[in-house]
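Fold and geometry: a report
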Amino acid sequence: GLVHCQPELADETIEHLAQVFRYTLRKSESEWAPLAEEVEFVTSYLRIEQARFGERLSVRYEVDPAAAHILIPAMSIQPLIENAVRHGVSAMEGPGSVCLRAVLAEEALRLEVLDSGPGFPAGFSLERAVGSHGLRNVVERLRGYYGESARLFWECGENGTRVVLTFPHQIAISRSGKEAFDP
């Protein structure tokens, strides 16, 4: 739909879509990815959503540069971001926001996805939820990799929803040698 009225944005969106597809294909053969690669992946995904939502969707990143090389299960952030857009921002009439936060502690990495949407329905649980495949998949993968050392939980409040992943971290060997991290 953008091709005729906003051709430059259409080209940019197609490039982001290609990046999402390439990453998905590449990571289908790999279980782990540095956090920096996962953030680049969700950045491309969110740029597609921003083309769709326009000014209704604002995005913010608060990622600890020291966490850039931490290995995490590949494609574990994107389902949380997708839920934030799909069930958070799109459920609102006005503008909404999504924030990805990554904080590195001594022995754990805490990833948070925040959105300004209405939150989970009262009494929501993964065991009873219908259609919560993304969250359930992330939880099962974390359990398989980390056992009880990892957690996924959420909080809903007046200002939106916060979904939090915490898990032990491993340092990745940098291919580029860069220490800077800027999505």
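Above this text sits the structure in question.
A brief report on the enclosed structure follows. Each chain has its residues counted from 1, following the order in which its sequence is written. Restriction of local features to residues with pLDDT of at least 70 applies here, the model being predicted, together with a cutoff of 80 or more for giving and counting side-chain atom pairs; totals for whole chains, interfaces and linings are based on all residues. Here the side-chain values reflect all heavy atoms present in the structure, with hydrogen atoms and water set aside.

**Focus: helix α5 (residues 133–146)**
Our working rule: Secondary structure elements are taken from DSSP: a helix is a run of H or I of four residues or more, a strand is a run of E of two residues or more, and numbering for both begins at the N terminus. An expected span of 1.5 Å times one less than the residue number is assigned to each helix. When accessible area is computed with a 1.4 Å probe and restricted to protein chains, residues below 20% of their type maximum are described as buried, those above 50% as exposed, and intermediate ones as partly exposed. Each C-beta atom gives one direction from the helix axis, and the arc is the one those directions make. By definition in these notes, contact holds between two residues if any of their heavy atoms fall within 4.5 Å.
With 14 residues, α5 ought to run about 20 Å at 1.5 Å a step, and its terminal C-alpha atoms sit 20 Å apart, in line with that. Those residues of α5 that fall on the buried side of the exposure criterion are Leu-135, Val-138, Val-139, Leu-142 and Tyr-146. An end-on view of α5 places all buried positions within 95° of arc, on one side of the element. Those residues of α5 that are exposed and angled more than 90 degrees off the buried face are His-133 and Gly-144. Those residues of α5 hidden inside the fold are in contact with β1 (32–34), β3 (70–73), α4 (78–88), β6 (151–157) and β7 (160–168). Of the residues flanking the end of α5, it is Gly-147, one or two places downstream, whose phi is positive at about 65°.

**Focus on unusual backbone geometry**
A negative phi angle is the norm for most residues apart from glycine, just as the trans form is the norm for most peptide bonds. Phi at Met-75 is positive, roughly 60°, even though this residue is not glycine. Within the fold, Met-75 resides in the loop between β3 and α4.

**Remarks on the pattern of salt bridges**
Where we set the bar: Salt-bridge detection follows one rule: a side-chain nitrogen of Lys or Arg within 4 Å of a carboxyl oxygen of Asp or Glu.
Counted according to the given criterion, the structure contains seven salt bridges. Between Arg-101 and Glu-62 there is a salt bridge, with the nearest N and O atoms lying 2.7 Å from each other. Remark: Glu-62 occurs in strand β2 (residues 57–63) and Arg-101 occurs in strand β4 (residues 96–104); sequence separation between them is 39 residues. We classify Arg-101 as partly exposed; its relative accessible area is 22%. Overall, the relative accessible area of 31% leaves Glu-62 in the partly exposed class. Here Arg-162 makes a salt bridge to Glu-155, at a shortest N to O gap of 2.7 Å. A relative accessible area of 21% means that Arg-162 is categorised as partly exposed. What emerges from the salt-bridge pattern is a single network uniting Arg-60, Glu-62, Arg-101, Arg-110, Glu-112, Glu-155 and Arg-162.

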